[in-house]
Amino acid sequence: MELKIIDKTEDEMHLEIKGETHTLLNMLKSVLLEDKRVHTASYDMKHVSISEPILYIKTDGTDPIIIVKEAAEILASRCEEFISVFGKAVEV
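Notes on the structure follow. If you're wondering where the values come from, they're calculated on a predicted model, not measured in any experiment.

### Considerations on helix α2 (residues 64–89)
With 26 residues, α2 should reach 38 Å at 1.5 Å per residue; the first-to-last C-alpha distance of 37 Å fits that figure. All buried positions along α2 are accounted for by P64, I67, V68, A71 and L75. Residues of α2 that are buried make contact with β1 (2–8), β2 (12–18), α1 (22–34), β3 (38–44) and β4 (54–59). Capping the start of α2 is the job of one residue whose side-chain oxygen sits 2.9 Å from the backbone nitrogen of I65: D63.

Here it is in structure tokens:
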């Protein structure tokens, strides 16, 4: 995975996320939209095999880099929780 900030202002950012698909982008977008500081979160992917997804975020003025970082931490925490709960559920 490679990240490239396409453009950024104090409350907006376009972030290219190379090597990822709808799976990560949908989850990240969902977590971003749960944040009251986020006005808009979306992504565009022209075609999975020929273009890289671009994440777009517009905030209430909070630095979008901070919000995306926090969203990634929340997403990682939820994955860890799932791993733990799943592991207990399937213990034989």
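Structure's up, so let's keep going.
### Section: the packing of aromatic side chains
Each pair of aromatic rings is reported with the distance of its centres and the angle of its planes. Across all of its chains, the model carries one aromatic pair by this definition. Aromatic pair F82 and F86: ring centres 5.7 Å apart, planes at 15 degrees, arrangement stacked. Residue F82 and its partner F86 are located together in helix α2, separated by four residues, close to a single helical turn. Classification of F86 by relative accessible area gives partly exposed; the value is 46%.

### Some words on the packing of α1 against α2
With their axes 9 Å apart at the nearest point, α1 and α2 run at an angle of 110 degrees to one another. Here α1 lies roughly perpendicular to α2, going by the angle between them. With respect to the hand of their crossing, α1 and α2 are arranged in right-handed fashion. Of the residues in α2, those in contact with L24, M27, L28, V31, L32 and E34 of α1 are I67, V68, A71, A72, I74, L75 and R78. Here the residues of the contact of α1 with α2 sort into eleven nonpolar, no polar and two charged.

Procedures and definitions
Residues numbered from 1 in each chain as written. Predicted model: local features only at pLDDT ≥ 70, side-chain atom pairs only at ≥ 80, totals over all residues. Heavy atoms only, no water. Helix = DSSP H or I, 4+ residues; strand = E, 2+ residues; numbered from the N terminus. Expected span 1.5 Å × (residues − 1). Buried < 20%, exposed > 50% of the residue type's maximum accessible area, 1.4 Å probe, protein only. Contact = heavy atoms within 4.5 Å. Polar contact = N/O pair within 3.5 Å; in protein donor to acceptor, adjacent residues only side chain to side chain. Phe/Tyr/Trp six-rings, centres within 6.5 Å; stacked < 30°, edge-to-face > 60°. Axes fitted to C-alpha atoms, helices over the stretch in contact; angles between N-to-C directions. Parallel < 35°, antiparallel > 145°, perpendicular 65-115°, else oblique. Left-handed = near helix turned anticlockwise from the far one by under 90°. Nonpolar A, V, L, I, M, F, W, Y, C, P; charged D, E, K, R; others polar.

The analysis is restricted to geometry; functional conclusions fall outside its scope.
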